[in-house]
Amino acid sequence: MPKQTPLYDRHAAKGAKFVDFAGWDMPIAYGSQLDEHHAVREKAGVFDVSHMTAVDIEGAEAVAFMRKLLANDVAKLKKPGKALYTCMLQEDGGIIDDLICYRMRDDWFRVVVNAGTTDKDVAWMQQQVEGFDAAVTARPELCILAVQGPFAREICDPLLGKAAEAAAELKPFTAVAEGPWFVGRTGYTGEDGFEIITDAEHALKLWGGLMDAHVVPIGLGARDTLRLEAGMNLYGQDMDESVSPLACGLEWTVSMADETRDFNGRAALEAQKAAGDAPVFIGVVLEGRGVMRAHQKVLAESGDGELTSGGFSPTMQASIGLARLPPGELGKVTVEIRGREVPARVVTPPFVRNGDVLV
Amino acid sequence: MSEAPDNLKYAESHEWVQVDDGVATIGISDHAQDALGDLVFVEVPEVGATFDAGDAAAVVESVKAASDVYSPVSGEVIAVNEALADAPELINDEPYGEGWIMRIRMTDDDELDNLMDAEAYAARVTDDD
């Protein structure tokens, strides 16, 4: 029996089509996925991502623990509420999960982990925290609503009760916790907006307020095209435990600066860097007709690679993708689509940010 | 609830056929377009191509996935819907009208007997849901 979020009935009432995603019955789309995509780029949309899980790390040695656990360095987060994007690595450098980490206080971090990896993530963190004066607590009872788009923040503001004032002041990649509300100015779309973590009761109220304000509900279908345009990786597709951050465009999230920081996976990543043979990870825009899909073969001078993500960009009206290829000079790149070799242009993601095409 | 007009015949693989003077106009059903979601690319066959019933003849790609369109009848393609190149959404908007895909001059009228009428197709689709 698939799990349902507390907002399931609200989705059904909006005509959602549901799909099984990591054991959850989630809306794939409510009507036209393209219309939902454009609504986020042009106005505002709301995503129920309560299938993802908030995990709290609390204790006197929380900082030391997070500096060991994560490939990015929470020491960079100087002010309370600052957040960063990071991978959580195995010792061999393979990615256990990618996550957003909010440093709320020196003794309280909150991370949000993927739905499909929640159980293994929490088990890993529980195991790793041994020896630190800190505790790991999953908060599956909390709902998460992402409100994204150029008008998202101003629409949310009157709906956030006691947190409204502080939320209005939030800088990008910063969060505030106030009463039942945890509001982060983060997201997975390449647009401005909030990710709001709260209990079911307040999530239902917020959802109602957003519907009254004509904010469009967005399914997982448009969530995928939005994140792909934003050049953001999807765990389980662009990376997994067999892939290091160096092989999926996430080297920028690995902080080697403090040489004394012995984070999980560091030695493996240093060896990979020294070897210099990590695959290249690129963005591609299809120049011919068709739609690229994940796992299609990509042909380049350096050898054959694979699309890790591919799809149609509603903003660009073209097919875009992310691909992993052997290192070296790529030369002309083509993608094998259903038996045809179609030329593609190599670009550096993101493809779209804040409504503008960048490639 | 998807529509299935009475005057058409339907294939198991969700194509519809309208026959007029030995020429079959072919498209995909309302149920099929709804299941696929927003269409973003259609690859139509070349005029002059010949197919046996059941051959993959066209490709429709939605935001979600690519799907073959099988010719429900044997014969030669005598026309394709050129408008789909710029407006694949015609299939979503009017699957039985402006969203037609191709016209085939049939070589065997008896093949129509292998297809479902609207009532049978509607029942088949209900089983799906």
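Data block above holds the structure.
If you're wondering where the values come from, they're calculated on a predicted model, not measured in any experiment.

So, how was this worked out
Residues numbered from 1 in each chain as written. Chains lettered and ligands numbered in written order. Predicted model: local features only at pLDDT ≥ 70, side-chain atom pairs only at ≥ 80, totals over all residues. Heavy atoms only, no water. 1 Å grid on protein atoms, 1.4 Å probe; cavity = no way out; pocket = protein on both sides within 12 Å on 5 of 7 lines; lining within 4 Å. Points joined across faces, edges and corners; volume = space filled by probe spheres on them. Helix = DSSP H or I, 4+ residues; strand = E, 2+ residues; numbered from the N terminus. Nonpolar A, V, L, I, M, F, W, Y, C, P; charged D, E, K, R; others polar. Buried < 20%, exposed > 50% of the residue type's maximum accessible area, 1.4 Å probe, protein only. Contact = heavy atoms within 4.5 Å. Buried area = accessible area lost by both parts, 1.4 Å probe. Salt bridge = Lys/Arg side-chain N within 4 Å of Asp/Glu carboxyl O.

A. View of empty space enclosed by the protein. Residues and elements named next belong to chain A. With the rule as written, the count across this model stands at 1 cavity of 30 Å³ or more. In this structure, the largest cavity encloses a volume near 50 Å³. Lining of the largest cavity is provided by H11, M26, P27, Y30, F47, D48, V49, I218, G219, L220 and R223. Of all the elements in the fold, those that place two or more residues in the lining of the largest cavity are β2 (24-29), β3 (45-48) and α8 (220-229). For the lining of the largest cavity, the class distribution of residues is 7 nonpolar, 2 polar and 2 charged.

B. Seen up close, the environment of E336 of chain A. All names here are of chain A. Inspection of the secondary structure puts E336 in strand β18 (residues 333-337). Judged by its relative accessible area of 31%, E336 is partly exposed. Along the sequence, E336 and K205 sit 131 residues apart, while their C-alpha atoms lie 48 Å from each other. Discounting residues that sit within four places of it in the chain, E336 has contacts with Q296, K297 and L299.

C. Inspection of unusual backbone geometry at higher detail. Residues and elements named next belong to chain A. A cis amide bond, omega 5°, links P349 with the succeeding residue P350. Look at H295: it is not a glycine, yet its phi comes out positive at around 80°. Note on placement: H295 falls in the loop between β14 (280-286) and β15 (297-300). Classification of H295 by relative accessible area gives exposed; the value is 56%.

D. Main features of the environment of A257 of chain A. Residue and element names in this part refer to chain A. Residue placement: A257 occurs in the loop between α8 and α9 (266-275). Of the residues examined, A257 reaches a relative accessible area of 71% and is grouped as exposed. Expressed as a C-alpha distance, the spacing of A257 and N72, which sit 185 residues apart in the sequence, is 9.9 Å.

E. Fine view of the interface of chain A and chain B. Across the boundary between the two partners, chain A contributes 11 residues, which contact 16 residues of chain B. Of the roughly 1300 Å² buried where chain A meets chain B, counting both sides, 48% is carbon and sulfur surface. Interface area lost by chain A to chain B is led by R289, R293 and R338 of chain A, which between them contribute 42%. The tally of links from chain A across to chain B stands at 4 salt bridges. With a shortest N-O distance of 3.9 Å, E43 of chain B and R340 of chain A are connected by a salt bridge. By residue class, the composition of the side of chain A that touches chain B is 3 nonpolar, 3 polar and 5 charged.

Just distances and angles here, no functional claims.
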